[in-house]
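# Analysis of the macromolecular model
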Amino acid sequence: MAKVYKKTSGNESIALYLGKRDFVDHVESVDIVDGVIKVDPAELEGRKVWVYLACAFRYGSDDLDVIGLSFRKDIWVKRIQIYPVVGTNPANTPMQEALLKKCGDQGHPFTFTIDTNLPCSVGLQPAPEDAGKSCGVDYEVKAYIANEADDPDEKISKKDTCRLIIRKIQFAPGKVGAGPKADISKNFMMSDKPVHLEASIEKELYFHGDPIPVNVKINNETTKVVKKIKITVEQTTEVLLYQSDKYSKTVLTEEFAEEIKGESTLEKTFTVIPLLSNNKEKRGLAVDGRLKDEDTNLASTTIIRPGMDKGMQGIMVSYKIKVNLLVSSGGLLGGLTDLHLISSPAGLSDTSHPDN
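Since we're looking at a predicted model, the values are computed, not measured.

Tallying secondary structure elements over the chain gives one helix and 20 strands in all. Across the chain, contacts joining residues at least 24 apart in sequence account for 69% of those joining residues at least 6 apart. Accessible area of the chain: about 17,700 Å², with a carbon and sulfur share of 49%.

In the segment running from Tyr83 into Pro84, the intervening peptide bond is cis, with an omega of -10°. Mapped onto the secondary structure, Pro84 falls in the loop between β6 (72-83) and α1 (94-103). Of note in this structure, Glu12 is not a glycine but carries a positive phi near 60°. Along the chain, Glu12 turns up in the loop between β1 (5-8) and β2 (14-18).

One key point about sheets: their strands pair by backbone hydrogen bonds, in either a parallel or an antiparallel sense. Pairing in this open sheet of four strands is antiparallel, and the strands run β1-β2-β4-β7 from one edge to the other. Edge positions in the open sheet fall to β1 and β7 (107-112), since each of these has one partner strand only. Each strand axis lies, on average, 20° off the axis of its neighbour in the sheet, ignoring direction. Relative to β2, β1 runs antiparallel, the two sharing four bridges. Of the residues in β2, the one forming a bridge with Lys7 is Leu16.

Taken together, the four strands give an open sheet; going across it, the order is β11-β12-β14-β17, and neighbouring strands pair in antiparallel fashion. Edge positions in the open sheet fall to β11 (181-187) and β17 (264-272), since each of these has one partner strand only. Along the sheet, successive strands turn relative to each other by an average axial angle of 15°, direction set aside.

What follows deals with the side chain of Asn11. Structurally, Asn11 can be placed in the loop between β1 and β2. Within polar-contact distance, the side chain of Asn11 engages the side chain of Ser9 at 2.7 Å. Within the structure, the side chain of Asn11 is placed 2.5 Å from the side chain of Asp160, a separation counted as a polar contact. In contact with Asn11, not counting residues within four places along its chain, are Glu43, Ile145, Lys159 and Asp160.

We now examine a negative patch on the surface. Together, Glu12, Asp40, Glu43 and Glu45 make up a negatively charged patch on the protein surface. A relative accessible area of 61% places Glu12 in the exposed class.

This brings us to the environment of Ser328. Locating Ser328 in the fold gives a position in the loop between β19 (315-327) and β20 (331-342). For Ser328 and Lys224, which are 104 residues apart along the polypeptide, the C-alpha to C-alpha distance reads 6.1 Å. Once residues within four sequence positions are removed from consideration, Ser328 is found in contact with Lys224, Val225 and Lys227.

Within the sequence span of α1, burial applies to Gln96, Leu99, Leu100 and Cys103. For α1, the angular spread of buried residues about the axis comes to 105°, placing them on one side. Pointing more than 90 degrees away from the buried face of α1 are the exposed residues Pro94, Lys101 and Lys102. Remark: Gly104 follows α1 within two positions and exhibits a positive phi of approximately 70°.

Procedures and definitions
Residues numbered from 1 in each chain as written. Predicted model: local features only at pLDDT ≥ 70, side-chain atom pairs only at ≥ 80, totals over all residues. Heavy atoms only, no water. Helix = DSSP H or I, 4+ residues; strand = E, 2+ residues; numbered from the N terminus. Contact = heavy atoms within 4.5 Å. Areas by Shrake-Rupley, 256 points an atom, 1.4 Å probe, with all protein chains shown as cover. Pairing = 2+ DSSP bridges. Axes fitted to C-alpha atoms, helices over the stretch in contact; angles between N-to-C directions. Polar contact = N/O pair within 3.5 Å; in protein donor to acceptor, adjacent residues only side chain to side chain. Patch = residues over 30% accessible without salt bridge, like charges linked within 9 Å, V, L, I, M, F, W, Y side chains within 5 Å. Salt bridge = Lys/Arg side-chain N within 4 Å of Asp/Glu carboxyl O. Lys, Arg positive; Asp, Glu negative; His and termini not counted. Charge placed at Lys NZ, Arg CZ, Asp CG, Glu CD. Buried < 20%, exposed > 50% of the residue type's maximum accessible area, 1.4 Å probe, protein only. Arc of directions from axis to C-beta.

The values reported here are purely geometric and, on their own, carry no functional implication.
Below, the structure is given as structure tokens:
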């Protein structure tokens, strides 16, 4: 194993080990979360050791939790008793076998299966001056010492806990459909003929950092001149849990100096690449989950399966491409085309681009 992630409790009685922190949602299934807890029973004083995996929506920093008001809502939680051992565990994975060699006799494996209807890790980008954890959906693996698994009257000390944040990353479905197409026509004053605009993309899904070819067809039947073509990519974010909040932010704007004279046509492909590196200052932009200060991507498109409860997604993200024509003395003409952005094939950041 090239790297092991470890977190030890303040009293050093328990330690949490994971072989990775990125777990891929393959649409039909999600990577299992497998790890090991090292337990030193000397200071347990008869208490038990538990581990849980929680998916939660955070809409405020921990330092704002006052008078019992929490700014975190659990969407889904699973718990396992690690020590003393109860029942039987599934067969160890190769990852767990490697971790158990590090922990020796005090190591205890655990395995969680994440439900397929749960959201992927996503956060709202804070402003540069903002402090604390950002609003968003995250996953946490936490080991703790307690008498009971979840007793509201039992106060668990921070020194008796250790935790690691992990990410659930959206991966592309196996089949990718054909790309969408939009068309529009507009008549201008003092002209009895229209300008026709058609915009399309070849496929509906692109990985982060992929060039996106936008096919544009223009039939200018007027006597006016099309001076410029502007292409924008918009991210629409819908926050579902704490309030109904939906807004759009532009993540890319590019202008192309293409002149289409009156009574002429143009058919051309323009390539755009929306990147988070060009949007670092935009507060509230949805991004894939971030671990500590690691770079990430623009948030992947939320994939909704049949029968899925949208309310459990926390934050839903979608994208559109907008093509506008700047017509002399005639204003703008534009149309929208749907677009899906998804994480790279490995489920991880693509290092060939500066924002990944």
